[in-house]
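# Descriptive structure summary
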Amino acid sequence: MWPFVHVGLCLAHAGIMNAENCPHCPYYKVGEGTFACFIWWGTPKLWTNRDGPESPWVKNYALFGISVLTLFPVIWLWREWPLLIIYLLGIGGLVTSIALNECSRCLHFDCGNCGVPEDLRQEYLRTFG
């Protein structure tokens, strides 16, 4: 039963983030009716574009939701150390690859995870405005 609960939590979190965070992203505004980001590539847009940064609630919820989803399996993996180590290494690899390959070149400058240097942000905004 618990794997189904975890999948349900993942789907609920993805739906909330899709509805509250994505419409603020520049990648959401690109394209004709579909997403253009690395996570939701090719899926249909369901909400209208929103200008400006997302609310503080979304930023806090995102951290809370991801923490819950990441720590949820640790309860059962705690007794199986080899599986726990593999799980944590997998999560670490995922976070590292996203930070190095996606967040460091993302156009969503209002996102708290954006790793684009400030000088590149300013140059981009001067050029494409």
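Preceding block: the structure.
Residues numbered from 1 in each chain as written. Predicted model: local features only at pLDDT ≥ 70, side-chain atom pairs only at ≥ 80, totals over all residues. Heavy atoms only, no water.

Let us now look at the packing of aromatic side chains. The final tally for this structure, using the stated rule, is six aromatic pairs. Ring centres of tryptophan 2 and phenylalanine 72 lie 6.1 Å apart, and the angle between their planes is 55°; on these two criteria the pair is classed as tilted. On the criterion of sequence distance, the pair formed by tryptophan 2 in helix 1 (residues 2–20) and phenylalanine 72 in the loop between helix 3 (56–71) and helix 4 (74–77) is long-range, its members being 70 residues apart. Geometrically, the ring pair formed by tryptophan 78 and tryptophan 81 is tilted, given 5.2 Å between the ring centres and 50° between the ring planes. We classify tryptophan 81 as partly exposed; its relative accessible area is 47%. (Phe/Tyr/Trp six-rings, centres within 6.5 Å; stacked < 30°, edge-to-face > 60°. Helix = DSSP H or I, 4+ residues; strand = E, 2+ residues; numbered from the N terminus. Buried < 20%, exposed > 50% of the residue type's maximum accessible area, 1.4 Å probe, protein only.)

Turning to its location among the elements, histidine 13 is positioned in helix 1. What histidine 13 contacts, discounting residues up to four positions off in sequence, is Tyr61, Ala62, Gly65, Ile66 and Leu69. (Contact = heavy atoms within 4.5 Å.)

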